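# Observations on the three-dimensional arrangement
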Amino acid sequence: MLGGLLALTGACKDEAAEPEASKPEAASPDVGSEPSAVAKVVKEAVAPEPPPPTGHAVAKVGSLFFQTSTGDVGFELPPLDKAPGLTINVVGAKDGRLAVELLSTNPLEHHCTASLKGLEDFRLRMYMASDDLLPVLAKDFSKKYEDGTELHVSRGVPLGEVVGPQDISVLGTTVRVDVGADSIGLYYEPGTARELAGNTSSLPPKDGHSLLYGSNILAEKGLHETGYGLAVYGVEAATSGYSRVKLRNRCVEVVAQVSDERLHAPPPTVPSGVLGVMAAESGHFLASPYGGAFAVGSDDEDVWGGLTGTEVGEAYGVGGLGLVGTGRSTPTTWTVHAGTEVKWADGTTAGLVTKDHEFDAAPRDEGGHSCFDLPLNGRSGAAVVLCFSPSAVSENAGSPGGGTIGLGSTGLIGRGTGGGTGSGYGRGSGAGFGGRGKRVPRVRQAKAKVVGSLDKDIIRRIVRAHINEVRSCYNKGLTKDPTLEGRVAINFVITSAGKVGSSVVEADSMGDPQVAKCIAKAVKRWKFPKPRGGGNVIVTYPFVMSPG
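Throughout what follows, the structure given in this document is the object of discussion. (Residues numbered from 1 in each chain as written. Predicted model: local features only at pLDDT ≥ 70, side-chain atom pairs only at ≥ 80, totals over all residues. Heavy atoms only, no water.)

## Points about the overall build of the chain
Each helix and strand counted, the chain has eight helices and 42 strands in total. The proportion of buried residues among the 548 residues of the chain is 47%. Accessible surface, the chain as shown: approximately 25,600 Å² in total, 54% of it carbon and sulfur. (Helix = DSSP H or I, 4+ residues; strand = E, 2+ residues; numbered from the N terminus. Buried < 20%, exposed > 50% of the residue type's maximum accessible area, 1.4 Å probe, protein only. Areas by Shrake-Rupley, 256 points an atom, 1.4 Å probe, with all protein chains shown as cover.)

## Regarding the pairing of strand β10 (residues 164-170)
Relative to strand β11 (residues 173-179), β10 runs antiparallel, the two sharing seven bridges. Bridge pairing in β11 links V170 to T173. Linking two consecutive strands that pair antiparallel, namely β10 and β11, is a turn of two residues; a positive phi of about 55° is found at L171 within it. (Pairing = 2+ DSSP bridges.)

## Some points on the nonpolar core
Grouped together as the largest cluster of nonpolar side chains are 36 residues, with contacts concentrated most on F65, I88, L119, F122, L124, L386 and F388. Contributions of two or more residues to this core are made by β1 (55-60), β4 (85-94), β5 (97-102), β6 (122-128), β27 (333-336), β29 (349-353), β32 (369-376) and β33 (379-388). The leading source of residues in this core is β6, at four residues. Among all residues touching I88, those that are not within four sequence positions of it are G55, H56, A57, A59, F65, V100, E101, L102, L103, M128 and L133. Counting 31 residues, the second-largest nonpolar core is a separate cluster that includes I467, V515, A516 and V537. (Core = buried A, V, L, I, M, F, W, Y, C linked by side-chain atoms within 4.5 Å. Contact = heavy atoms within 4.5 Å.)

## Considering the state of the cysteines
Summed over the entire model, instances satisfying the criterion amount to three disulfides. The disulfide partner of C473 is C518, and the gap between their sulfur atoms is 2.1 Å. An S-S torsion of about -70° defines the bridge between C473 and C518 as left-handed. Separated by 45 residues along the polypeptide, C473 in helix α7 (residues 467-478) and C518 in helix α8 (residues 513-523) bring together distant segments of the chain. (Disulfide = S-S within 2.5 Å.)

## Describing the sheet that holds β27
Pairing in this open sheet of three strands is antiparallel, and the strands run β30-β27-β34 from one edge to the other. Single-partner strands in this sheet number two, and they are β30 (357-359) and β34 (393-396). Between one strand axis and the next, the sheet turns by 30° as a mean value, whatever way the strands run. Looking at chain direction, β27 and β30 are connected through three bridges and run antiparallel. (Axes fitted to C-alpha atoms, helices over the stretch in contact; angles between N-to-C directions.)

## Some remarks on the pattern of salt bridges
Under the defined criterion, the tally for this structure stands at 15 salt bridges. K139 is paired through a salt bridge with D182; the nearest N and O atoms lie 2.9 Å apart. Note that K139 is positioned in the loop between β7 (136-137) and β8 (141-144) and D182 in the loop between β11 and β12 (184-185), a separation of 43 residues in sequence. In this structure K139 comes out as partly exposed when scored by relative accessible area, which is 37%. Note that R155 and D140 form a salt bridge whose closest N and O atoms lie 2.8 Å from each other. Taken together, the residues R155 in the loop between β9 (150-153) and β10 and D140 in the loop between β7 and β8 connect sequence positions 15 residues apart. Owing to a relative accessible area of 23%, R155 belongs among the partly exposed residues under this scheme. When salt bridges with common partners are traced through the structure, they connect E101, R123 and R125 into a single cluster. (Salt bridge = Lys/Arg side-chain N within 4 Å of Asp/Glu carboxyl O.)

## Focus on the packing of aromatic side chains
Scanning the model with the defined rule gives nine aromatic pairs in all. Among the aromatic residues, ring-to-ring pairing joins F122, F359, F372 and F388 into one connected group. Between the NZ or CZ atom of R97 and the centre of the ring of F66, over which it lies, the distance is 3.7 Å. Looking at R248, its charged tip hangs above the ring of Y233, at a distance of 4.1 Å from the centre. (Phe/Tyr/Trp six-rings, centres within 6.5 Å; stacked < 30°, edge-to-face > 60°. Lys NZ or Arg CZ within 6 Å of the ring centre and 35° of its normal.)

## Side note on α7
With 12 residues, α7 extends 16 Å between its outermost C-alpha atoms, agreeing within 8% with the 16 Å of an ideal straight helix rising 1.5 Å per residue. Within the sequence span of α7, burial applies to I467, N468, E469, V470, R471, S472, C473, Y474, N475, G477 and L478. (Expected span 1.5 Å × (residues − 1).)

## Let's talk about the packing of α7 against α8
At a minimum axis separation of 9 Å, α7 and α8 run at an interaxial angle of 160°. When the axes of α7 and α8 are compared, the pair comes out roughly antiparallel. Crossing angle aside, the handedness with which α7 passes α8 is right-handed. Along its contact with α7, which presents E469, V470, C473, Y474, K476 and G477, the element α8 presents V515, C518, I519 and A522. Of the residues in the contact of α7 with α8, the class split is seven nonpolar, one polar and two charged. (Parallel < 35°, antiparallel > 145°, perpendicular 65-115°, else oblique. Left-handed = near helix turned anticlockwise from the far one by under 90°. Nonpolar A, V, L, I, M, F, W, Y, C, P; charged D, E, K, R; others polar.)

## Points about unusual backbone geometry
Negative phi values dominate among residues other than glycine, just as trans dominates among peptide bonds. Backbone geometry places D95, a non-glycine residue, at a positive phi of 55°. Among the secondary structure elements, D95 is positioned in the loop between β4 and β5. The exposure class of D95 is exposed, given its relative accessible area of 52%. Backbone geometry at L171 places phi at a positive 55°, although glycine is not the residue there. Structurally, L171 can be placed in the loop between β10 and β11.

## Looking at the side chain of R97
Its location among the elements puts R97 in strand β5. With no salt bridge to any partner, buried R97 finds its closest opposite charge in D72, at an N-O distance of 7.5 Å. From its side chain, R97 meets the backbone oxygen of T68 in a polar contact 3.2 Å long. Among the polar contacts made by the side chain of R97, one reaches the main-chain carbonyl oxygen of G71 at a distance of 2.8 Å. (Lys, Arg positive; Asp, Glu negative; His and termini not counted. Polar contact = N/O pair within 3.5 Å; in protein donor to acceptor, adjacent residues only side chain to side chain.)

## Thoughts on the environment of N89
Within the element layout of this structure, N89 appears in strand β4. Once the C-alpha coordinates of N89 and Y187 are considered, the two residues, 98 residues apart in sequence, prove to be 9.1 Å apart. Residues in contact with N89, not counting those within four places in the same chain, are G55, H56, A99, V100, E101 and L103.

## Digging into the pairing of strand β20 (residues 252-259)
Judged by how many residues are buried, β20 sits mostly within the fold: eight of eight residues are covered. Residue alternation in β20 divides its side chains into two sets, V252, V254, A256 and V258 and E253, V255, Q257 and S259, and both sets are buried. With four bridges connecting them, β9 and β20 associate as antiparallel partners. Bridge pairing in β20 links E150 to V255. Of the strand pairs in this sheet, strand β19 (residues 242-249) and β20 are connected by eight bridges, and their pairing is antiparallel. The partner of V245 across the bridge, within β20, is A256. Linkage of β19 to β20, two consecutive antiparallel strands, is achieved through a turn of two residues.

Below, the structure is given as structure tokens:
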């Protein structure tokens, strides 16, 4: 067909080379004469292309994004934690470019590519070339194998262009799919993310005991993990010596065959001695860079016993030491709130803020707007300039530091004391192994809700390491109201780089909004391990606080 069109087009060009006198007169549109078949084909061949389908697609790494349909200002899509591309929403076309929206935090939970760190809190309208779209799995893929194993992959996963069996990476887990021509496309309708809560058990690793689906070995990297093993969402008996287990991340689910030897392997051993006692009773032990050392339990409250000292100058004593009492400074930040209009540096509309966002550097004035340089994916070389009305940017004043370090005075058995001073910090003493010091305001971690491929216990340990920052916020409220107590839940998003992209107050029964805001601001500065397989992790973390 294409060859025929080219031939006809060539014939048309030959006719155009004839002298004007030899050409027939063009019929006037109102004559009503029927055009020839050749004229119809040529007209169709040179007619403008229809607008592209709208829907979700994946832009490959290295794609150029532009602020306007004809301009040359924009950025090149940087690497995305080994993901081949970024999910976008195609909303139309103009001047030969696709009009696209960059997705914000929440919609990314329903897609199967990594997020672009830095822009999670914004929905921006940009333009790009259609040639920069990757082929994707246009519909859900499911296959059941003769041995009872299964593979299910959500639509939207980037593919190669080959029809037939191919290995594809789904959030860091490589699986083999047999792709038909009708399954490959450039656009897809997003589905629902698979539920990662509610696992029934954990599958430990074991050398020489790979997981199988059909004749394929499952690449376990990138699957949702809990502590030391894979989260299991169901077990059923298979053949003698083997069972089938259900595993998943948010975009792939595998029913794989596993040896009973691996399935029923004992849990890993724990260290001996004092730290072993702490780990055996609680499951985890963590020494805090902020002055605490503690065991983390499996229920809503951490295991303390008499193993650590109580708070010493806003910190904990352990092993007879009151380690740290400090007054850390907090930097000045600038916030734009959800619903705020975003503009490009030239003043044209760029999009909307979808979640409150804090900038660490002061804005600069450009044409009467407050503008910020926003690095992409933590890379100093790739950035986009976002501007706002000056009245929409609020400055959050920081606080000075100051503070000292207090050390305990005794060894493993006995008492330790320590003190620290600084802005908003008090002094105190605490017991080492063998006793408890005087009571202090209590901050308890309640049960967290986690959506994404980062283990809840890991998140809990990191939060525990920063608990003194939460307590500091609470103490500021207690200075105004000594009876202040209640529950504050913070909703925050851990990006693919392990940083907190956004942190907002989801619920607050304290009655002092400044305490809740202070906690959310502290959480925004925390660092976490990178989620396995990339993508964002959404966490709702409650803190229950009561005076001592």
